[in-house]
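Fold and contact review
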Amino acid sequence: MKLVTLVENTCGAPCCIAEHGLSIFIETEMHKLLLDTGQTDAVVKNAAALGIDLSQIDTVILSHGHYDHSGGILPFTKINHSAQIIMQSSSAEPHYNGERYIGIDMDILGLPNVRLIDGDIKLDDELFIFSGIKGRRCYPQGNRRLLCVRNGKKVQDDFSHEQCLVISQGDKRLLLSGCAHNGILNILDRYKELFGNDPDFVVSGFHMMKREGEYTKEELEVITQTARELSRKNTIFYSGHCTGIEAFGIMKNIMGAQLCALHSGSEISI
């Protein structure tokens, strides 16, 4: 299985564009797919620069309904008209950071190949999608300003629109999440409910980003506790995007080689 980071906040290849967003290309035995599409047409430009033919993609999984993960969908569909685009139906709700709209472009919902789902679904022997993450331990504090609109009113986002992709390949399993808004530990707890153990590999942002020096004591404790719990698992983690440089550094000091950084253009072979 091959993974290529098409979009991330930082550059790992001189031919690639970096932007605040995330898109991962995954090639398995049965599929060529994308997890998320970044926020602009950078996904298209970076794929071309890296020699990845987006017209061959059969599936796009949207991890959650935010612009920096969905903004490349419309540019992508100018190249590929057939790939199914799978998202939780609640991704269609308007989403805000305070007063700023951060949801998806509503034109996406008019695409004929968009598939709205509710909850968990097994797509085939390789691909499984789950949501329904209810735990709140080590919950990312950056969620406090994030809102959704329900019944005409802005309310605290519960991230029911967040979904995770599990890829099974032989005896190995890979878990992918866009930002882990529900908290990576709670996502792993939900994974364990479904599969009975921990994944072999995880690719995910950890939603811990803040400006340097602005972390509260509580936030630093959450970062440290999360890293300590992850370090006790027999899992390799790849992270970036919304994790934040300072938070990544703290976690790296605890997790060592168990934690690896994502960059636009970087490739992972599993």
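Preceding this paragraph is the structure being described.
Below is a short write-up of the structure.

Scoring rules and cut-offs
Residues numbered from 1 in each chain as written. Predicted model: local features only at pLDDT ≥ 70, side-chain atom pairs only at ≥ 80, totals over all residues. Heavy atoms only, no water. 1 Å grid on protein atoms, 1.4 Å probe; cavity = no way out; pocket = protein on both sides within 12 Å on 5 of 7 lines; lining within 4 Å. Points joined across faces, edges and corners; volume = space filled by probe spheres on them. Nonpolar A, V, L, I, M, F, W, Y, C, P; charged D, E, K, R; others polar. Core = buried A, V, L, I, M, F, W, Y, C linked by side-chain atoms within 4.5 Å. Buried < 20%, exposed > 50% of the residue type's maximum accessible area, 1.4 Å probe, protein only. Helix = DSSP H or I, 4+ residues; strand = E, 2+ residues; numbered from the N terminus. Contact = heavy atoms within 4.5 Å. Pairing = 2+ DSSP bridges. Phe/Tyr/Trp six-rings, centres within 6.5 Å; stacked < 30°, edge-to-face > 60°. Lys NZ or Arg CZ within 6 Å of the ring centre and 35° of its normal. Axes fitted to C-alpha atoms, helices over the stretch in contact; angles between N-to-C directions. Left-handed = near helix turned anticlockwise from the far one by under 90°. Right-handed = clockwise from strand over helix to strand, strands pointing away.

Another point: empty space enclosed by the protein. All chains considered together, the criterion is met by one cavity of 30 Å³ or more. Quantified by volume, the largest cavity comes out at close to 40 Å³. As for the largest cavity, its lining consists of Cys138, Pro140, Ala180, Gly183, Ile184, Leu185, Phe206, Met208 and Thr226. Residues of the lining of the largest cavity, tallied by class, amount to seven nonpolar, two polar and no charged.

This paragraph deals with the nonpolar core. Phe130, Leu175, Ile184, Phe206, Leu230, Phe237 and Met251 are the most contacted members of the largest nonpolar core, which totals 27 residues. Broken down by secondary-structure element, the contributors of at least two residues to this core are strand 10 (127–130), strand 13 (164–169), helix 4 (184–195), helix 5 (217–231) and helix 6 (245–255). Residues in contact with Met251, not counting those within four places in the same chain, are Phe206, Met208, Ile223, Thr226, Ala227, Leu230, Gly256 and Leu259. Core analysis: the second largest hydrophobic core is formed by 23 residues, Ala42, Leu54, Leu62 and Leu111 among them.

With a phi close to 55°, Asn151 is a non-glycine residue in the positive phi region. Note on placement: Asn151 falls in the loop between strand 11 (146–150) and strand 12 (153–156). Of note in the backbone geometry, His207 takes a positive phi value of approximately 50° without being a glycine.

Attention now moves to the pairing of strand 14 (residues 172–177). Each regular strand shows side chains that alternate between the opposite faces of the sheet. Alignment of strand 13 against strand 14, held across five bridges, turns out to be antiparallel. Within the sheet, the bridge partner assigned to Ser168 lies in strand 14 and is Arg173. Turn length for the strand 13-strand 14 hairpin, with the two strands adjacent in sequence and antiparallel, is two residues, and the turn residue Gly170 shows positive phi of about 65°. Relative to strand 15 (residues 201–204), strand 14 runs parallel, the two sharing four bridges. Its bridge partner being in strand 15, Ser177 is matched across the sheet by Ser204.

Attention now goes to the packing of aromatic side chains. In the structure shown here, the tally under the stated rule is three aromatic pairs. Seen in terms of ring centroids, Phe128 and Phe195 are 5.6 Å apart; in terms of plane orientation they differ by 85°. Their pairing is edge-to-face. Taken together, the residues span a long stretch of sequence, with Phe128 in strand 10 and Phe195 in helix 4 at a distance of 67 residues. Under the relative-accessibility criterion, Phe195 is labelled partly exposed at 22%. Taken together through their ring pairs, the aromatic side chains of Phe128, Tyr191 and Phe195 make up a single cluster. In this structure, Lys154 is placed above the aromatic ring of Tyr96, and the distance from its NZ or CZ to the ring centre is 4.1 Å.

This paragraph deals with the sheet that holds strand 18 (residues 267–269). Within the open sheet, the seven strands sit side by side as 8-5-4-3-2-1-18. Their pairing is mixed. Edge positions in the sheet fall to strand 8 (114–117) and strand 18, since each has one partner strand and no second. Neighbour-to-neighbour, the strand axes of the sheet open up by a mean angle of 20°, direction not taken into account. With three bridges connecting them, strand 1 (residues 2–7) and strand 18 associate as antiparallel partners. Bridging across to strand 18, Lys2 finds its partner in Ser269. Contacts from helix 1 (residues 42–49) reach strand 1 and strand 2 (23–27), with the element oriented near 130° to strand 1.

The next point concerns the packing of helix 5 against helix 6. Interhelical geometry of helix 5 versus helix 6 gives an angle of 35° and a closest axis separation of 9 Å. Where helix 5 crosses over helix 6, the handedness of that crossing is right-handed. Taking contact as the criterion, the partners of Leu220, Ile223, Thr224, Thr226, Ala227, Arg228, Leu230 and Ser231 in helix 5 are, on helix 6, Ala247, Ile250, Met251, Ile254 and Met255. Of the residues that constitute the contact of helix 5 with helix 6, the class distribution is nine nonpolar, three polar and one charged.

A separate point is the pairing of strand 3 (residues 32–35). Of the strand pairs in this sheet, strand 2 and strand 3 are connected by four bridges, and their pairing is antiparallel. What sits directly across from Ile26, in strand 3, is Leu33. Two successive antiparallel strands, strand 2 and strand 3, enclose a turn made up of four residues. Sheet topology places strand 3 next to strand 4 (residues 59–61); three bridges connect them, and they run parallel. Residue Leu33 lies in a different strand from strand 4, and its bridge partner there is Thr59. The parallel pair strand 3 and strand 4, bridged by helix 1, forms a crossover whose chirality is right-handed.

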